[in-house]
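Report on the structure
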Protein chains: 2
Amino acid sequence: MNIGIVGLGLMGGSFAKAVKRYAIATKVYGYARSEKSKKEIAELNLVDELVDIKTLKEKCDLIVLAIPVDNIISIIPEFLDIKDTTTIMDLGSTKDFIVKNIPESIRQNFIAAHPMTGTEKSGPKAAIDDLYEGKTVVLCNLEDNENIHVNRAFKVFQAIGMRIVVMDSDEHDIHACYMSHLPHAISYSLANTVMGHEDPKSIIALAAGGFKDMSRIAKSSPDMWTDIFKQNRENLLKSIDLFEDHMKKVRTMVEEEDYDDLKEWMKKANSLHEIL
Amino acid sequence: MNIGIVGLGLMGGSFAKAVKRYAIATKVYGYARSEKSKKEIAELNLVDELVDIKTLKEKCDLIVLAIPVDNIISIIPEFLDIKDTTTIMDLGSTKDFIVKNIPESIRQNFIAAHPMTGTEKSGPKAAIDDLYEGKTVVLCNLEDNENIHVNRAFKVFQAIGMRIVVMDSDEHDIHACYMSHLPHAISYSLANTVMGHEDPKSIIALAAGGFKDMSRIAKSSPDMWTDIFKQNRENLLKSIDLFEDHMKKVRTMVEEEDYDDLKEWMKKANSLHEIL
């Protein structure tokens, strides 16, 4: 099978590395828009050949859209004339808006996937060998796909070492909100809180594991994450409200020196780790 | 030099391992209150000998208090009769309340230290070999100490591979608040937000790096952290307010679909990583 990847950044570049490593593709084609990206992709030898969209559609059995979620929506019209046997798949962090915007003519070809993995880095140089290995990928609304495409998606994700979970796109968006989108909003807020201090440098000189872990994802791409917040707006607002209830609660307990309740509340948080 | 360690959990147990590894002490004595801890310390062979406080005071040149910050305050009266040449030192996460509560008679002996390192685990079994290696330790208000004690503290921390930073206790408490205490309040809130959901298990099944990093420190000991929040109450309240300004800001930008400003705000957060 020939695989074509649109966007060779962290997700797409690492996907290219994974399918090459496990020899899943006869040939890996890539498409990138900017000259800077094309140059980096060639230097890093991420794909066998960089081509235009027309060639990608002619040559590939599987086309993977590894671009920001708003770009997925805007690029879809270019793929309305793919063959019935060509699988097209996105790797976006939101799913509900995307599945609702896939045109009917290619709905059966279009696999909505979200690999639950990433780093705070972006661009072709961010691509790493084992991004997908041992991680979970969520596939949404497979009842709208023909079997040939579902089977192809399963085959590829299994081959690169992923655990497959199937769910509805609306359920996915709630889960992804708590596990990823809300944590990003919090991490950006924490980073901005510290950067707003009169002397951030001397404060950050004392950074240890706690702050480093909590601020890592605040380095993530604003272009990518603005789009994600936009597409998962309703769930994000709801989750921020629930998080804010807890921030108000801890503030009140500390202000009112209600330390017994504070300890109980911390113990409840500890219980997370019976699951995780 | 003989070293005595009061409390052989994550901090004290790892300190015992470090001083043994670098052969700094002739003998390492330990003191623990509970039978359960004593048993674990003996099984793990963390110290050369477990003794009572009286023996600790007779035998040791350096006594390290590696216990929760409120216990540091309550145990100090037992050390009022130490020799002038005995150094006593705490490793607590708050410093201002502690230095203000050291009785005058042992003020010159008492080194207020905060090693900026840790994990979410606690107890003797949490002790690890390299907790201090390459990390930063803050020493506060050294102008109140005799040179013999300052030199001893420097010697020990340098020998176990730490970078020493000196500052006032009030400045320390502000810095530690942003780098550690506020992140803990946030992490506990995030964990409780997810645990409050009707089906936390299926949500957490999708946890990847972002959520794992952001919720790790929510596993920290409620006993220890209630005391820290108590002792650094004023700074914590102030820092929560500043963080909350940013959470309100991101919520408003998402609600009002003000995505240009959202992207700019995320870019500001990115700038943290020019420093860290």
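Residues numbered from 1 in each chain as written. Chains lettered and ligands numbered in written order. Predicted model: local features only at pLDDT ≥ 70, side-chain atom pairs only at ≥ 80, totals over all residues. Heavy atoms only, no water.

Quick look at the overall build of chain A
Rules: Here a strand is any run of E in DSSP of at least two residues, a helix any run of H or I of at least four, and the numbering for each starts at the N terminus. Think of it in three bands: residues with accessible area under 20% of the maximum for their type are buried, residues over 50% are exposed, and the middle band is partly exposed, with areas taken using a 1.4 Å probe on protein chains only. Contact definition: two residues touch when any of their heavy atoms are within 4.5 Å.
Of the regular secondary structure elements, chain A holds 13 helices and 8 strands. When the backbone C-alpha atoms are referred to their principal axes, chain A occupies close to 70 × 40 × 30 Å. In chain A, which comprises 276 residues, the share counted as buried stands at 60%. Of the contacts made within chain A by residues no fewer than 6 positions apart, 72% connect residues no fewer than 24 positions apart.

Topic: the interface of chain A and chain B
Where the parts come together, the accessible area they lose is often given as the size of the interface. The test is simple: Counted as salt bridges are all cases of a side-chain nitrogen of Lys or Arg within 4 Å of a carboxyl oxygen of Asp or Glu. Whenever a nitrogen or oxygen atom comes within 3.5 Å of another N or O atom, the pair is scored as a polar contact, on the condition that within protein one atom can donate a hydrogen and the other can accept it, and that pairs from neighbouring residues in sequence are kept only if both atoms are in side chains. Under the scheme applied, nonpolar residues are Ala, Val, Leu, Ile, Met, Phe, Trp, Tyr, Cys and Pro; charged residues are Asp, Glu, Lys and Arg; polar residues are all the others, including Gly.
On the chain B side, the residues contacting the 82 residues of chain A number 82 residues. Between A:Asp223 and B:Lys263 there is a salt bridge, with its nearest N and O atoms 3.2 Å apart. For the interface between chain A and chain B, the tally reads 26 residue pairs in polar contact (both at pLDDT 80 or more). Here the side of chain A that touches chain B takes 17 residues from helix 7 (residues 169-195) of chain A, the largest share from any one element. Its residues placed into classes, the side of chain A that touches chain B shows 46 nonpolar, 19 polar and 17 charged.

As for the sheet that holds strand 6 (residues 110-116) of chain B
All names here are of chain B. The condition that has to hold: Pairing between strands requires that DSSP locate at least two bridges from one strand to the other.
The strand order across the open sheet formed by 8 strands is 3-2-1-4-5-6-7-8, and the pairing between neighbours is mixed. With partners counted over all chains shown, the strands left at the sheet margins are strand 3 (49-50) and strand 8 (163-167), one partner each. Looking at chain direction, strand 1 (residues 2-6) and strand 4 (residues 62-65) are connected through 4 bridges and run parallel. Looking at the pairing, Ile-5 lines up with Val-64 of strand 4.

A word on the UniProt feature "domain: Prephenate/arogenate dehydrogenase" (unreviewed entry) in chain A
This is how it is decided: UniProt positions are given in the numbering used here, feature names are shortened, and annotations may be inferred rather than shown by experiment.
Here the UniProt-annotated "domain: Prephenate/arogenate dehydrogenase" (unreviewed entry) positions come out as residues 1-276 of chain A. Span residues 1-276 of chain A is 51% helix and 13% strand, its end C-alpha atoms 37 Å apart.

A word on the nonpolar core
The tendency in soluble globular proteins is for nonpolar side chains to be buried side by side. Going by this rule: Take the buried Ala, Val, Leu, Ile, Met, Phe, Trp, Tyr and Cys residues and link them wherever side-chain atoms come within 4.5 Å; each set so joined is a nonpolar core.
The biggest cluster of nonpolar side chains holds 128 residues, and the ones touching the most others in it are A:Leu65, A:Met179, B:Leu65, B:Met179 and B:Val250. Not counting the four nearest positions on each side in its chain, B:Met179 is found in contact with A:Val194, A:Ile203, A:Ile204, A:Leu206, A:Ala207, A:Gly210, A:Phe211 and B:Met116. Residues A:Ala16, A:Ala18, A:Val19 and A:Ala113 belong to the second largest nonpolar core, which totals 37 residues.

Some details on the relation of the copies chain A and chain B
Where we set the bar: Overlaid copies result from least-squares superposition on C-alpha atoms, with residues included only where pLDDT is at least 70 in both.
Mapping chain A onto chain B is achieved by rotating through 180 degrees and translating by 0.0 Å along the same axis, at an RMSD of 0.0 Å. What the superposition gives is, in effect, a two-fold axis relating one chain to the other. Most of the interface of chain A is mirrored in chain B, where 100% of its interface residues again form contacts.

A few points about the pattern of salt bridges
Charged atoms that come close allow side chains of opposite charge to pair. All chains considered together, the criterion is met by 44 salt bridges over all chains. Salt-bridge contacts for B:Arg251 lead to A:Asp241; the nearest nitrogen and oxygen are separated by 2.6 Å. Of this pair, B:Arg251 sits in helix 11 (residues 233-255) while A:Asp241 sits in helix 11 (residues 233-255), placing the two residues on different chains. The salt bridge involving B:Glu58 is made with B:Lys54; its shortest N-O contact spans 3.2 Å. Remark: B:Lys54 and B:Glu58 occur in helix 3 (residues 53-59); sequence separation between them is 4 residues, near one turn of the helix. By relative accessible area, B:Lys54 is classed as exposed at 57%.

Observations regarding the domain arrangement of chain A
All names here are of chain A. Threshold: Domain limits in this description derive from either an automatic procedure or a database domain assignment.
We note that the domain assignment places domain 1 (2-167) and domain 2 (172-275) within chain A. A C-alpha centroid distance of 30 Å is found between domain 1 and domain 2. Of the residues lining the interface, 19 residues belong to domain 1; the matching set on domain 2 comes to 17 residues. Taken together, the connections running from domain 1 to domain 2 amount to 2 salt bridges. Where domain 1 meets domain 2, there are 10 residue pairs in polar contact (both at pLDDT 80 or more). Those elements giving two or more residues to the side of domain 1 that touches domain 2 turn out to be helix 4 (69-75), helix 5 (96-100), strand 6 (110-116) and strand 7 (136-140). No other element matches helix 4, which puts 4 residues into the side of domain 1 that touches domain 2. Considered class by class, the residues forming the side of domain 1 that touches domain 2 number 9 nonpolar, 6 polar and 4 charged.

Quick look at the packing of aromatic side chains
The line we're drawing: Any two rings among Phe, Tyr and Trp, with Trp reduced to its six-membered ring, count as a pair given centres within 6.5 Å; such a pair is stacked if its planes are under 30 degrees apart, edge-to-face if over 60, and tilted if neither. Either the NZ atom of lysine or the CZ atom of arginine qualifies as a charge over a ring when it sits within 6 Å of the ring centre and within 35 degrees of the ring normal.
Here the structure, examined in full by the defined rule, presents 9 aromatic pairs over all chains. Ring geometry for A:Phe15 against A:Phe157: centres 6.2 Å apart, planes inclined by 70 degrees, an arrangement best described as edge-to-face. Here A:Phe157 lies in helix 6 (residues 147-159) and A:Phe15 lies in helix 1 (residues 10-21), a separation of 142 residues in the sequence. Each member of the pair, A:Phe15 together with A:Phe157, is buried. Seen from their ring centres, A:Phe243 and B:Phe243 are 6.3 Å apart, and the 85 degrees between their planes marks the pair as edge-to-face. In this pair, A:Phe243 is assigned in helix 11 and B:Phe243 in helix 11, connecting two distinct chains. On the accessibility criterion, A:Phe243 (0% relative accessible area) is buried. One aromatic cluster is present, built from ring pairs that chain together A:Phe15, A:Tyr132 and A:Phe157. Residue placement shows A:Lys57 over the ring face of A:Phe79; its charged tip is 6.0 Å from the ring centre.

Quick notes on the pairing of strand 1 (residues 2-6) of chain A
Every regular strand shows the same layout, with side chains that alternate between the two sheet faces. To keep things clear, this is the line we draw: The crossover handedness rule: strands pointing away from the viewer, path from first strand over the helix to second strand clockwise, crossover right-handed.
With 5 of 5 residues buried, strand 1 of chain A is to be regarded as a mostly interior element. Read from strand 1 of chain A through helix 1 of chain A to strand 2 (residues 27-31) of chain A, the crossover connection turns out right-handed.

With respect to the environment of B:Phe154
All names here are of chain B. As for its placement among the helices and strands, Phe-154 is situated in helix 6 (residues 147-159). C-alpha separation for the pair Phe-154 and Leu-139, spaced 15 residues apart in sequence, amounts to 9.2 Å. Discounting residues that sit within four places of it in the chain, Phe-154 has contacts with Leu-139, Leu-142, Ile-164 and Val-166.

Some words on unusual backbone geometry
For A:Glu257, which is not glycine, the phi torsion reads 55 degrees and is therefore positive. Relative to the elements of secondary structure, A:Glu257 occurs in the loop between helix 11 and helix 12 (259-270).

Focus: helix 12 of chain A
The criterion, for reference: Here, expected helix span is obtained from the residue count minus one, scaled by 1.5 Å.
Over its 12 residues, helix 12 of chain A extends 16 Å from the first C-alpha to the last, a length consistent with the 16 Å expected when each residue adds 1.5 Å. Tucked into the core, helix 12 of chain A has its buried residues touching helix 11 and helix 13 (272-275) of chain A together with helix 7 (169-195), helix 10 (222-231) and helix 11 of chain B.

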